[in-house]
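Here is what each chain is made of, one letter per residue.
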Number of protein chains: 4
Amino acid sequence: MQEQKIKKIALLTGGGDCPGLNAVIRAVTRTAILKYGYEVIGYIFGYRGLYNNDFIPLTLDKVSGIGHKGGTILYSSNKDNLFDYQVEENGEIVKKDVSDVAIENLKKEGVDAIVVIGGDGTLTSARDFSRKGINVIGVPKTIDNDLPATEVTFGFNTAVEVATEALDRLHTTAESHHRVMLLEVMGRNAGWIALHSGLAGSADVILIPEIPYDLHKVAEKIEMRQREGKKFTIIVVAEGAKPKDGDVVVAKVVDDSPDPIRLGGIANKLAADLEKIIKNQEIRATILGHIQRGGITSAYDRILSTRYGVAATELIHEGKFGNMVTLKEDKISYEALEKVIGHTRVVEPDGELIQTARSIGVSFGD
Amino acid sequence: MQEQKIKKIALLTGGGDCPGLNAVIRAVTRTAILKYGYEVIGYIFGYRGLYNNDFIPLTLDKVSGIGHKGGTILYSSNKDNLFDYQVEENGEIVKKDVSDVAIENLKKEGVDAIVVIGGDGTLTSARDFSRKGINVIGVPKTIDNDLPATEVTFGFNTAVEVATEALDRLHTTAESHHRVMLLEVMGRNAGWIALHSGLAGSADVILIPEIPYDLHKVAEKIEMRQREGKKFTIIVVAEGAKPKDGDVVVAKVVDDSPDPIRLGGIANKLAADLEKIIKNQEIRATILGHIQRGGITSAYDRILSTRYGVAATELIHEGKFGNMVTLKEDKISYEALEKVIGHTRVVEPDGELIQTARSIGVSFGD
Amino acid sequence: MQEQKIKKIALLTGGGDCPGLNAVIRAVTRTAILKYGYEVIGYIFGYRGLYNNDFIPLTLDKVSGIGHKGGTILYSSNKDNLFDYQVEENGEIVKKDVSDVAIENLKKEGVDAIVVIGGDGTLTSARDFSRKGINVIGVPKTIDNDLPATEVTFGFNTAVEVATEALDRLHTTAESHHRVMLLEVMGRNAGWIALHSGLAGSADVILIPEIPYDLHKVAEKIEMRQREGKKFTIIVVAEGAKPKDGDVVVAKVVDDSPDPIRLGGIANKLAADLEKIIKNQEIRATILGHIQRGGITSAYDRILSTRYGVAATELIHEGKFGNMVTLKEDKISYEALEKVIGHTRVVEPDGELIQTARSIGVSFGD
Amino acid sequence: MQEQKIKKIALLTGGGDCPGLNAVIRAVTRTAILKYGYEVIGYIFGYRGLYNNDFIPLTLDKVSGIGHKGGTILYSSNKDNLFDYQVEENGEIVKKDVSDVAIENLKKEGVDAIVVIGGDGTLTSARDFSRKGINVIGVPKTIDNDLPATEVTFGFNTAVEVATEALDRLHTTAESHHRVMLLEVMGRNAGWIALHSGLAGSADVILIPEIPYDLHKVAEKIEMRQREGKKFTIIVVAEGAKPKDGDVVVAKVVDDSPDPIRLGGIANKLAADLEKIIKNQEIRATILGHIQRGGITSAYDRILSTRYGVAATELIHEGKFGNMVTLKEDKISYEALEKVIGHTRVVEPDGELIQTARSIGVSFGD
């Protein structure tokens, strides 16, 4: 490795937005300029910008005052894969590998290394560019906190705080009206947000993909609470929560229109199902949706993002390419991109946090 | 009027919960006890408690520390009308006027006057009890801010602040992904929450029941912004927003299942419709739902609620029964329940606030 | 008046910063450009920029995304008076009237009208420029809400919400430790912030400049609460609160150092005084300070600012110069600058809000 | 160990209040009752309650709805040490060891084990009771996060979030007025809150007890920023920050009154000192004070507190007395009270977080 050669680095953000992206961009840019004298550019709209050679210079001024802001000043796309990219050829839309165009652009601009901030899809491409000889450093990003090799990802804490505040709000309504309130939060494959916000927000039931639920067990919990004088119940459900095999699903939705609209999500369905089982009980569902992934970044996530950003720049300085920065046992470290791709870190069904929740009486519907 | 006779008063809350209810309860109770030496009781679960003679004593201790909390410590039901009440008779469910049972209960407990906090339905019953000779004072409650005779209702400010924070959060995602983001807020008959939060949250389009929208005008606004370099658009839509007569609705939903689940609401439908018209534009809908009506009450609403609560107690002291407290031109006043029932205060389509919004470029889809 | 002549307008912000300034700037700029086709510039750092002809163009892009931000993108100074301005002449600092330089600059840039956003000092200069023939529109700004001729000023609601949240936080500590907690809020001449946040934050004692306090009455209230089983007391004190003439002040501070540091403020002194009177009672003071005037602007203030900004631009369009926009009985209006200068709108000691507070048991220390 | 004997446990909270205390109480109580069938009582006002045998039963109802609340429902005192307790004897105040009275009370009530939640002082007594044969489990509590043997203490995250929001607010004012703004946060012996909130809140200078500052270095940083076009500077200072030996302190405070009031703290002094060095620069100090230790508990702290509470109850069940629960490498564990007392966990001056801050240009005034 010839470290001394680094003169110019690039950044790009891929995948869904996430509180903390701007804090990473700020930390990389400031460390690169102030500590190492690198020039920094940022590609616009993720890999698409790399393909189109569409970038902006990242200066101290450009990253000033962005540390607390959600979103990404570099914009992001959650589809573009340059190794299988949709292009127009002879009037037709075809898919082809355009990664060499990207590599050519990097060379043309004299970019010595690139920091790629993204989730599993974005980092898979990062690994592929690394395999083709590009100096790549990955920074893990997923609001769902489901990347292996790193214990916490930025954005997760903000999402949990937002979801918890929503639960606090729903509590007062649930109690005043003796209602069952369901809150659907993000988490397609992993129930981290549901588990954490459910614990923090004093949920009575938490439904996550890792523990398939039995609808009647959920109903039992509600009825048990009623018998004990608690006339309301709070349920947090991850969007990827699934019923047990063979679970009786009562309500059905048939949407056979030619132009079906997006239906509500699992929370609405669960509410309908539960109303079938438990009579005389008002049940209301709320889907938190995009609110949990934007806006002011929590202090916790700003600090984590800053640590990742500085560490990524240090890896560049040390010439340790092909790696992703990680947080392990609260220490910043790194791991080979080759190793971290393609896995999901899910909640262990008998891990400490689940045990903790069960100890204080939380039901997982199982 | 024989003012001196008041010794004991009662309170009840009816209809959907609303931030500020507890602050009214606290203000009535403290004023009644500290200033006038009244005894105070609170009926549980609105009129249902009055019918069942189910109440709790309201003491200084009981109302201590509740001023900032959403919900109502007296619980609430949004269905029960004692003049047309569902009771079981001879094994059958029938509807009948049970108001005399309630009046009997009031007499039995020695209640000299009752403060009824609620929306149009609850206050209609209050008026009916007043007609039957009960000493009633009404306190207006509606998160939608659509009661005539009073300029602002408590809970509205909190709802607007919550909706505005949601818009702030959606902005960062919309901008980062060049998306159209729709936020559906409450307002079945009046667009106050949508108008206020839309103005505060820098929405580009605001759709309210009072101004039927033309889908293509909404699409035009989005496309105009794109041409001007603004690749994202923020739309706030009141749940009661309606298309113009004859407006082409593109997407359709057919839910002919025997057990239909509650579908998403107008925002999901609008998103589907717009995606039909505007190609290559990601559109996402979020329904704020119950989050906007619970939780910590804003300082503004706590003050307004306290003013209403004190004013209601003063009306009792002065023997001015059959009235509802109001806020007019920022002054506390009152008006006969007979006059205020059955009307909805809607947004004037050419009022100052709409003009203000249009002046800064907001589209109402018309 | 020849309305048609307006082609270019200017904006400046003077005095202390205040949440809502940016929303006014945004509203004026958008209305001017979108509705009337004016060109808009903004002088930097208040009148100082007008004197130095230091300005920036205000475009739609420049005001994009600023509506929710505290502070002012035009910067502000709270000292500069061009009619009595500190300049260097022949190596000496002298004060002189440099208003003609400013007028010359306005002419040179072709500015047809100027919107001046500020408090009493800033608006006094605005009036003086108006007297000299400049087309001026004033927009009232004071976090203290103490300007006459307008019922509410922007920034006030945000300050009250911040102070109320601080009181909510202090409550838990006060209660857990059986302490007296004092919170000092802004308000040198008027007690509006203290009164509103005190009411919203369930303060037991509110001390404001308009009602001089008797230290022993404050102590009595604390002791009365103790006897009634409430071992803690929350006191909000405006920075300008004053003891009654002849009130015994127990603790004294002698700071006769050559370089005295700024001492804590009235809350610290009050805490010391009260500890002298009430034995065995922990008393703690917190001074909210600058936290109450910056940061995210509340939805309420954003709307009010937007209404003011649009109204100011309409006054320009209508040629109604020499006026300040106002809010009266919740309606936007205007009044002559000549009339509104030099007065302070203080809390009426026997007004409705004070009566409301007294009714629920709040002591004003009198 | 005879685990099976546990029938009744007690809880007490000692020292300053801290967000998360109630979540610990809730978790211990729920786990003890629901999982192990223990009876639970809580001593009132810390050790004082243990001495006076002043306690309340802790039931599921009693701990319902308290998880998000700051403070402690058991109250707390931060002075009482039963091994050196102030009592009246023969009309005189003397200090004596009254721990046997406490032990007698525990026996009288049949308390088999006690969970003591507190900081170093409170836990020292816990260890001493353990030495005398009482079954004690410690739960670490310090908002300053400076206890060894555990990586994070609850309350710390909430404090950092509150301090960071304050910094966000101060930023807008600093920028609008080209000011230097100082924020003083808690941290007498350790700079954790200052370091974390400073990093999160984009502070330019962070002053902590672990790195003595040179006033002129701080001034240099401010002036360097001015030269680079940044006319404002944000400084976070821990209350325990200290100047280097021999550092020239310019401003002096002499308070030789017989009744000196509490002076402002280091931030006021620093502001005065800096104004001596840097001419023509407005400098303002804000002391965050008690606001950072009360109010709504962050989701992060609620989860951590719940984990601690459950773990403490498990240690009781397993008969592992004389230990304190800890968090190490994000795993719940425990360590002997004998080992954890009397040490402070301070910021390592060359640790990763300090390096991270320096990398992005933060000055520590050294």
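Residues numbered from 1 in each chain as written. Chains lettered and ligands numbered in written order. Predicted model: local features only at pLDDT ≥ 70, side-chain atom pairs only at ≥ 80, totals over all residues. Heavy atoms only, no water.

What about the overall build of chain A?
- For chain A, the helix and strand inventory stands at 11 helices and 13 strands.
- Against the globule reference of 21 Å for 366 residues, chain A gives a C-alpha radius of gyration of 23 Å, in line with a compact fold.
- Across its three principal axes, chain A shows a C-alpha extent of roughly 70 × 50 × 35 Å.
- By residue count, 63% of the 366 residues in chain A fall in the buried class.
- Expressed as a percentage of contacts within chain A between residues at least 6 apart in sequence, the contacts between residues at least 24 apart total 73%.
- For chain A, the exposed surface amounts to about 13100 Å²; the carbon and sulfur share of it is 47%.
- In chain A, 44 side chains carry a positive charge and 51 a negative one; their mean positions are 2 Å apart. (Helix = DSSP H or I, 4+ residues; strand = E, 2+ residues; numbered from the N terminus. Rg over C-alpha atoms; globule rule 2.2 N^0.38 Å. Buried < 20%, exposed > 50% of the residue type's maximum accessible area, 1.4 Å probe, protein only. Contact = heavy atoms within 4.5 Å. Areas by Shrake-Rupley, 256 points an atom, 1.4 Å probe, with all protein chains shown as cover. Lys, Arg positive; Asp, Glu negative; His and termini not counted. Charge placed at Lys NZ, Arg CZ, Asp CG, Glu CD.)

What about the UniProt feature "binding site: Mg(2+)" (unreviewed entry) in chain A?
Residues and elements named next belong to chain A.
- Following the UniProt record, one finds the feature "binding site: Mg(2+)" (unreviewed entry) at Asp120.
- Counting through the fold element by element, Asp120 comes out in helix α4 (residues 120-131).
- Those residues in contact with Asp120 that lie beyond four places of it in its chain are Leu147, Val340, Ile341, Gly342 and His343. (UniProt positions renumbered as here; feature names shortened; annotations may be inferred.)

Here we look at empty space enclosed by the protein
- The final tally for this structure, using the stated rule, is seven cavities of 30 Å³ or more.
- By volume, the largest cavity amounts to about 160 Å³.
- In terms of lining, the largest cavity is formed by Val162(C), Glu165(C), Ala166(C), Arg169(C), Leu288(C), Ile291(C), Val162(D), Glu165(D), Ala166(D), Arg169(D), Leu288(D) and Ile291(D).
- If you list the elements that add at least two residues to the lining of the largest cavity, you get α5 (156-177) of chain C together with α5 (156-177) of chain D.
- A class-by-class count of the residues in the lining of the largest cavity yields eight nonpolar, no polar and four charged. (1 Å grid on protein atoms, 1.4 Å probe; cavity = no way out; pocket = protein on both sides within 12 Å on 5 of 7 lines; lining within 4 Å. Points joined across faces, edges and corners; volume = space filled by probe spheres on them. Nonpolar A, V, L, I, M, F, W, Y, C, P; charged D, E, K, R; others polar.)

Thoughts on the sheet that holds strand β9 (residues 205-207) of chain A
Residues and elements named next belong to chain A.
- Spatial ordering of the open sheet is given by β9-β10-β8-β11, a layout of four strands whose pairing is parallel. Two strands lie at the open edges of the sheet, namely β9 and β11 (283-287), each paired on one side alone. Mean inter-strand twist for the sheet, computed between neighbouring axes without regard to direction, equals 15 degrees.
- This element, helix α7 (residues 215-227), spans β8 (180-185), β9 and β10 (233-238) of the sheet and lies at about 160 degrees to β10.
- In the packing of helix α8 (residues 266-277) onto the sheet, contacts are made with β8, β9, β10 and β11, and the angle to β11 comes to roughly 175 degrees. (Pairing = 2+ DSSP bridges. Axes fitted to C-alpha atoms, helices over the stretch in contact; angles between N-to-C directions.)

What about the environment of Ala241(A)?
Residues and elements named next belong to chain A.
- Looking at the secondary structure, you find Ala241 in the loop between β10 and α8.
- Take Ala241: its relative accessible area is 6%, and that puts it in the buried class.
- With 47 residues separating them in the primary sequence, Ala241 and Ala194 have C-alpha atoms 9.7 Å apart.
- When sequence neighbours within four positions are dropped, the list of residues in contact with Ala241 reads Leu207, Ile208, Pro209, Tyr213 and Ile266.

Overview of the confidence of the model for chain A
Residue and element names in this part refer to chain A.
- Confidence in the prediction for chain A averages 92 pLDDT; 94% of positions are at 70 or higher.
- Across residues 252-262 the pLDDT falls below 50, and counting only partners more than four positions away or on other chains, this stretch makes 36 contacts in the model.
- Interface scoring of the predicted complex returns ipTM 0.93; its pTM is 0.95. (pLDDT = per-residue confidence, 0-100.)

Re the UniProt feature "binding site: ATP" (unreviewed entry) in chain A
- In the numbering used here, UniProt assigns the "binding site: ATP" (unreviewed entry) feature to Gly16(A), Lys79(A), Asp80(A), Gly119(A), Asp120(A), Gly121(A) and Thr122(A). These residues run over 107 residues, yet every pair of their C-alpha atoms falls within 12.8 Å of each other.
- Its place among the elements puts Gly16(A) in the loop between β1 (8-13) and α1 (21-35).
- When its relative accessible area of 15% is taken as the criterion, Gly16(A) is described as buried.
- Beyond its immediate stretch of four places on either side in the chain, Gly16(A) contacts Asn78(A), Lys141(A), Arg293(A) and His177(B).

Concerning the domain arrangement of chain A
Residue and element names in this part refer to chain A.
- Taken domain by domain, chain A consists of domain 1 (2-154 + 297-340) and domain 2 (159-294).
- Centre-to-centre separation of domain 1 and domain 2, based on C-alpha positions: 36 Å.
- Domain 1 puts eight residues into the contact, and the matching count from domain 2 is 11 residues.
- Summing the contributions of domain 1 and of domain 2, the shared interface buries around 780 Å²; its carbon and sulfur component is 52%.
- Of all residues in domain 1, Asp17, Ile143 and Asp144 give up the largest surface area on contact with domain 2, accounting jointly for 57% of the area buried on that side.
- Among the salt bridges present, the one from Arg293 reaches Asp17, with a minimum N-O distance of 3.2 Å.
- In this assembly, domain 1 and domain 2 are joined by one residue pair in polar contact (both at pLDDT 80 or more).
- Classifying every residue of the side of domain 1 that touches domain 2 by side-chain character gives three nonpolar, two polar and three charged. (Domains from an automatic or database assignment. Buried area = accessible area lost by both parts, 1.4 Å probe. Salt bridge = Lys/Arg side-chain N within 4 Å of Asp/Glu carboxyl O. Polar contact = N/O pair within 3.5 Å; in protein donor to acceptor, adjacent residues only side chain to side chain.)

Here we look at the pattern of salt bridges
Residue and element names in this part refer to chain C.
- The tally for this structure, following the rule as stated, stands at 87 salt bridges over all chains.
- The residue Arg188 makes a salt bridge to Glu239 at a minimum N-O spacing of 3.7 Å. Residue Arg188 is found in the loop between β8 (180-185) and α6 (192-200), and its partner Glu239 is found in the loop between β10 (233-238) and α8 (266-277); the two are separated by 51 residues along the sequence.
- For Glu239, a relative accessible area of 28% translates into the label partly exposed.

A short note on the packing of aromatic side chains
- Overall, the coordinates contain 30 aromatic pairs over all chains when judged by the stated rule.
- Relative to Tyr85(D), the ring of Tyr51(D) lies with its centre 4.9 Å away and its plane at 55 degrees, an arrangement referred to as tilted. Taken as a pair, Tyr51(D) in helix α2 (residues 47-52) and Tyr85(D) in strand β4 (residues 85-89) lie far apart in primary sequence, 34 residues in all.
- According to the relative accessible area criterion, Tyr85(D) is buried, its value standing at 10%.
- Through a chain of ring-to-ring contacts, the aromatic side chains of Tyr47(A), Phe83(A) and Phe129(A) assemble into a single cluster. (Phe/Tyr/Trp six-rings, centres within 6.5 Å; stacked < 30°, edge-to-face > 60°.)

With respect to the packing of α1(A) against helix α9 (residues 299-318) of chain A
Residues and elements named next belong to chain A.
- In contact at an axis separation of 7 Å, α1 and α9 are set at 40 degrees when each is read in the N-to-C sense. Between α1 and α9, the angle falls in the class oblique. For the pair α1 and α9, the sense of crossing is right-handed. Here α1 contributes Ala23, Val24, Ala27, Val28, Thr31, Ala32 and Lys35 to the contact with α9, which in turn contributes Arg302, Ser305, Thr306, Gly309, Val310, Thr313 and Glu314.
- Split into classes, the residues belonging to the contact of α1 with α9 amount to six nonpolar, five polar and three charged. (Parallel < 35°, antiparallel > 145°, perpendicular 65-115°, else oblique. Left-handed = near helix turned anticlockwise from the far one by under 90°.)

Thoughts on the packing of helix α6 (residues 192-200) of chain B against helix α11 (residues 352-359) of chain B
Residue and element names in this part refer to chain B.
- Two numbers describe how α6 lies on α11: the axes approach to 11 Å, and their chain directions differ by 35 degrees. The chirality of how α6 crosses α11 is left-handed. Of α11, the residues touching α6 (which contributes Leu195, His196 and Leu199) are Leu353, Ile354 and Ala357.
- Of the residues that constitute the contact of α6 with α11, the class distribution is five nonpolar, one polar and no charged.

A few points about helix α3 (residues 99-109) of chain C
Residue and element names in this part refer to chain C.
- The set of residues buried in α3 consists of Ser99, Ala102, Ile103, Asn105 and Leu106. When α3 is viewed along its axis, its buried side chains cluster within an angular range of 155 degrees and face the same direction. For α3, exposure combined with an orientation more than 90 degrees from the buried face picks out Lys107 and Lys108.
- Buried-residue contacts for α3 involve β2 (39-43), α2 (47-52), β6 (113-118) and α4 (120-131).
- Phi turns positive, to about 70 degrees, at Gly110, one or two residues after α3. (Arc of directions from axis to C-beta.)

Things to note about the side chain of Arg179(B)
- Note that Arg179(B) resides in the loop between α5 (156-177) and β8 (180-185).
- A relative accessible area of 4% means that Arg179(B) is categorised as buried.
- Not counting the four nearest positions on each side in its chain, Arg179(B) is found in contact with Asn78(A), His290(A), Thr173(B), Ala174(B), Lys231(B), Phe232(B), Thr233(B), Gln281(B), Glu282(B) and Arg284(B).

Side note on the sheet that holds strand β7 (residues 136-140) of chain D
Residues and elements named next belong to chain D.
- Reading across from one edge, β3-β2-β1-β6-β7-β12-β13 is the order of the seven strands in this open sheet, with mixed pairing throughout. The open sheet has two edge strands with one neighbour each: β3 (55-57) and β13 (331-336). When strand polarity is set aside, the average angle formed by the axes of neighbouring strands in this sheet is 25 degrees.
- In this sheet, strand β2 (residues 39-43) lies alongside strand β1 (residues 8-13) in parallel orientation, the contact comprising four bridges. Counted as the bridge partner of Ala10 is Ile41 from β2.
- Across the sheet, helix α1 (residues 21-35) is in contact with β1, β2, β6 (113-118) and β7; its angle to β1 comes to roughly 180 degrees.

Description of the environment of Gly138(C)
All names here are of chain C.
- The topology assignment puts Gly138 in strand β7 (residues 136-140).
- Each C-alpha atom, one on Gly138 and one on Thr164, is 30 Å from the other, the two residues being 26 residues apart in sequence.
- Among all residues touching Gly138, those that are not within four sequence positions of it are Val116, Leu123, Asn323, Met324, Val325 and Leu337.

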